[in-house]
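Coordinates in review
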Amino acid sequence: MTLHTPLCDLLGIEHPVVQGPLGGPWDVSVELVAAVSNAGGLGSIAAAFKEPDQLRDEIRRCALLTQGRPFAVNHTRRPFDEEAFAVTLEEQPPVVSLALGEPGDVVQRAHDAGSLVVLQVTTVGQAVRAAEAGVDVIVAQGAEAGGFSGGIGTLALVPQVVDAVAPVPVLAAGGIADGRGLAAALVLGAQGVNVGTRFLGSTEAAIAQTWKRAIVEAQSEDAVKVGFADELVPPPSEGGWLTVPRALRTAFIDRWSDEPDETAALRAEFAEAMRSGRAHDYLPLTGQSAGLIHEVIPAAEIVGRLIGEAEAALTFASGAGAGVPR
Ligand SMILES: Cc1cc2nc3c(=O)[nH]c(=O)nc-3n(C[C@H](O)[C@H](O)[C@H](O)COP(=O)(O)O)c2cc1C
């Protein structure tokens, strides 16, 4: 069995595995993006928090490292940086992705630049609007996900989005870190997966070692929704969707809840942490799938395991196998 879906042909990839963008005030590394694309998946550069020139450098470096293999450049509506988006359009990456808000004119502009468009949604209504706007692929992201998501779980959301937007292909996201998750996504009607947290725990991810160790040691219940995030990073006044980030619990998160009178001081502390490159000690965006991650391994191995395990899980589920896979 080789796992290949029509989405692979559309995106020009071998395996239906997308590395979700991992934006924030930290460097995840373009090497990770390239490693996923070179392993036959689709890597994604996150534009969030990057100066336009830095983004241009990363896109060019990724193109060099991947030698014609496709990769994505991601923007979000929290906030939408017009200058950075202009850089993306000039560089004409194979895929442009957008998250956290209405597609608006992004779809047309990216299509005009020759890029395919992927849009992340967290409700069926958003998915329908995305399909009407002409996006090529929809990411249905459940509440288990690391980073910003809505309140609907992946298992309930994905088949509803698949039904609502057919024939637009859907990627399942949120809570997927091994091949059983990929197999489940395919059974739900998705044509692949968009995986974030598992790739934070990769050799190539340039995040702090303390964060990687915390992911390996975490239980799923340690990855909590951070309801006060809007007070740290205000949502856009228009075009943005209601989302709440999920992060590994930290002393900062606990203090915000325990000391309601101190939020002004805590906000200042967080701003300083962002300036000094320590935001991950305060708000390490991470999903519930951290509980499934037990070791840091190269990105290509993550892709390989996802495919191999999914094939085994699907064989098992079809009744042809004996015993529980893994
Ligand atoms: C640290 C981190 C940063 C993220 N940044 C972005 C981003 O900039 N843009 C985006 O579209 N999604 C972002 N996401 C979401 C991921 O791309 C992906 O959709 C999500 O992690 C999938 O769920 P999982 O964490 O359960 O695999 C981020 C997720 C994490 C964990």
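Structure report, in brief. The structure presented is a predicted model; accordingly, all values stated were derived computationally and were not measured.

1. Description of the packing of helix 3 (residues 52-66) against helix 4 (residues 82-91)
Interhelical geometry of helix 3 versus helix 4 gives an angle of 25 degrees and a closest axis separation of 9 Å. Between helix 3 and helix 4, the interaxial angle falls into the category roughly parallel. The element helix 3 and its partner helix 4 pack so that their crossing is right-handed. Facing Pro-52, Leu-55, Arg-56, Ile-59 and Arg-60 of helix 3, the residues of helix 4 in contact are Glu-83, Ala-84, Val-87, Thr-88, Glu-90 and Glu-91. Along the lines of polarity and charge, the residues of the contact of helix 3 with helix 4 split into 5 nonpolar, 1 polar and 5 charged.

2. Details of the side chain of Ser-44
Take Ser-44: it is sitting in strand 2 (residues 43-46). Within the structure, Ser-44 has its side chain in polar contact with the backbone oxygen of Gln-19 (distance 2.6 Å). Discounting chain neighbours no more than four positions away, the residues touching Ser-44 are Val-18, Gln-19, Gly-20, Pro-21, Val-33 and Ala-72.

3. Here we look at the packing of helix 2 (residues 30-38) against helix 3
At a closest axis distance of 9 Å, the pairing of helix 2 and helix 3 adopts a crossing angle of 35 degrees. Read as a crossing pair, helix 2 and helix 3 show a hand that is right-handed. Together, Val-30, Glu-31, Val-33, Ala-34, Ser-37 and Asn-38 of helix 2 and Glu-58, Arg-61, Cys-62, Leu-65 and Thr-66 of helix 3 make up the contact between the two elements. Each residue belonging to the contact of helix 2 with helix 3 can be placed in one class, and the counts come to 5 nonpolar, 3 polar and 3 charged.

4. Focus: the pattern of salt bridges
For the structure shown, the criterion picks out 17 salt bridges. The shortest N-O distance in the salt bridge between Glu-58 and Lys-50 comes to 3.2 Å. Since its relative accessible area comes to 12%, Glu-58 is described here as buried. Between Glu-269 and Arg-255 there is a salt bridge, with its nearest N and O atoms 2.8 Å apart. With Glu-269 in helix 13 (residues 263-275) and Arg-255 in helix 12 (residues 251-258), the pair connects residues that are 14 residues apart, well separated along the chain.

5. With respect to the sheet that holds strand 7 (residues 147-149)
Judged by pairing direction, the sheet is antiparallel, and its 3 strands sit side by side in the order 7-11-10 without closing on themselves. The two strands at the open ends of the sheet, each matched to only one other strand, are strand 7 and strand 10 (223-225). The mean angle between the axes of side-by-side strands here comes to 35 degrees, regardless of whether they run parallel or antiparallel. Bridge count for strand 7 against strand 11 (residues 244-248) is 3 bridges, and the pairing is antiparallel. When the bridges of strand 11 are listed, Gly-147 appears paired with Arg-246.

Quick notes on the rules
Residues numbered from 1 in each chain as written. Predicted model: local features only at pLDDT ≥ 70, side-chain atom pairs only at ≥ 80, totals over all residues. Heavy atoms only, no water. Axes fitted to C-alpha atoms, helices over the stretch in contact; angles between N-to-C directions. Helix = DSSP H or I, 4+ residues; strand = E, 2+ residues; numbered from the N terminus. Parallel < 35°, antiparallel > 145°, perpendicular 65-115°, else oblique. Left-handed = near helix turned anticlockwise from the far one by under 90°. Contact = heavy atoms within 4.5 Å. Nonpolar A, V, L, I, M, F, W, Y, C, P; charged D, E, K, R; others polar. Polar contact = N/O pair within 3.5 Å; in protein donor to acceptor, adjacent residues only side chain to side chain. Salt bridge = Lys/Arg side-chain N within 4 Å of Asp/Glu carboxyl O. Buried < 20%, exposed > 50% of the residue type's maximum accessible area, 1.4 Å probe, protein only. Pairing = 2+ DSSP bridges.

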